[in-house]
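# Commentary on secondary and tertiary structure
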Amino acid sequence: NKGLGHSFLRHIERCRILLLIIDISGVDGRHPWNDYKDIMAELRLYNPCLIKKPLLVVANKVDKYTSKDFLKQFCLNYGKPVRAISCLTGEGFKKLKYDLYEFFTANLKTP
């Protein structure tokens, strides 16, 4: 019951791909994997078609001391590539930009 709620969900129905940025540090007492599952559950509840959209997952805050273990566990649970970045230091952005281009190119075919 926070944020833009249904307005946001209506908006992402029109998106062809989704970019999900997860706080991987866990410093606020939340577990990143639970955050991911909660977001996916919200998408599924609103419209099951949303979870079928191409999804690129990005782990932010890899500069935090707690991030290494959380990132390792998240990657094991997710089972697909996760892009690691730090908005604070800029780490990982060059690779993320390249990966975004490749991801968009592969997933934005004309309907």
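Residues numbered from 1 in each chain as written. Predicted model: local features only at pLDDT ≥ 70, side-chain atom pairs only at ≥ 80, totals over all residues. Heavy atoms only, no water.

## A short note on the pattern of salt bridges
A complete count under the given rule lists five salt bridges for this structure. Between Arg30 and Asp28 there is a salt bridge, with the nearest N and O atoms lying 3.4 Å from each other. By relative accessible area, Asp28 is classed as partly exposed at 45%. Among the salt bridges present, the one from Arg83 reaches Asp99, with a minimum N-O distance of 3.2 Å. A residue pair is termed long-range when its members are at least 10 positions apart, and Arg83 in strand β3 (residues 83–84) and Asp99 in helix α4 (residues 93–107) qualify at 16 residues. Asp99 matches Arg83 in its accessibility class, with the two residues each being buried. Each of Asp28, Arg30 and Asp35 takes part in one network of salt bridges that share partners. (Salt bridge = Lys/Arg side-chain N within 4 Å of Asp/Glu carboxyl O. Buried < 20%, exposed > 50% of the residue type's maximum accessible area, 1.4 Å probe, protein only. Helix = DSSP H or I, 4+ residues; strand = E, 2+ residues; numbered from the N terminus.)

## Some words on the environment of Ile17
Structurally, Ile17 can be placed in the loop between α1 (6–13) and β1 (18–23). Note on Ile17: relative accessible area 13%, which makes it buried. Through-space distance from the C-alpha of Ile17 to that of Gln73 is 25 Å; in sequence the pair is 56 residues apart. With residues up to four places along the chain from it excluded, the contact list for Ile17 reads Pro54, Phe103, Phe104, Asn107 and Leu108. (Contact = heavy atoms within 4.5 Å.)

Function-wise, these values are silent; they only describe arrangement.
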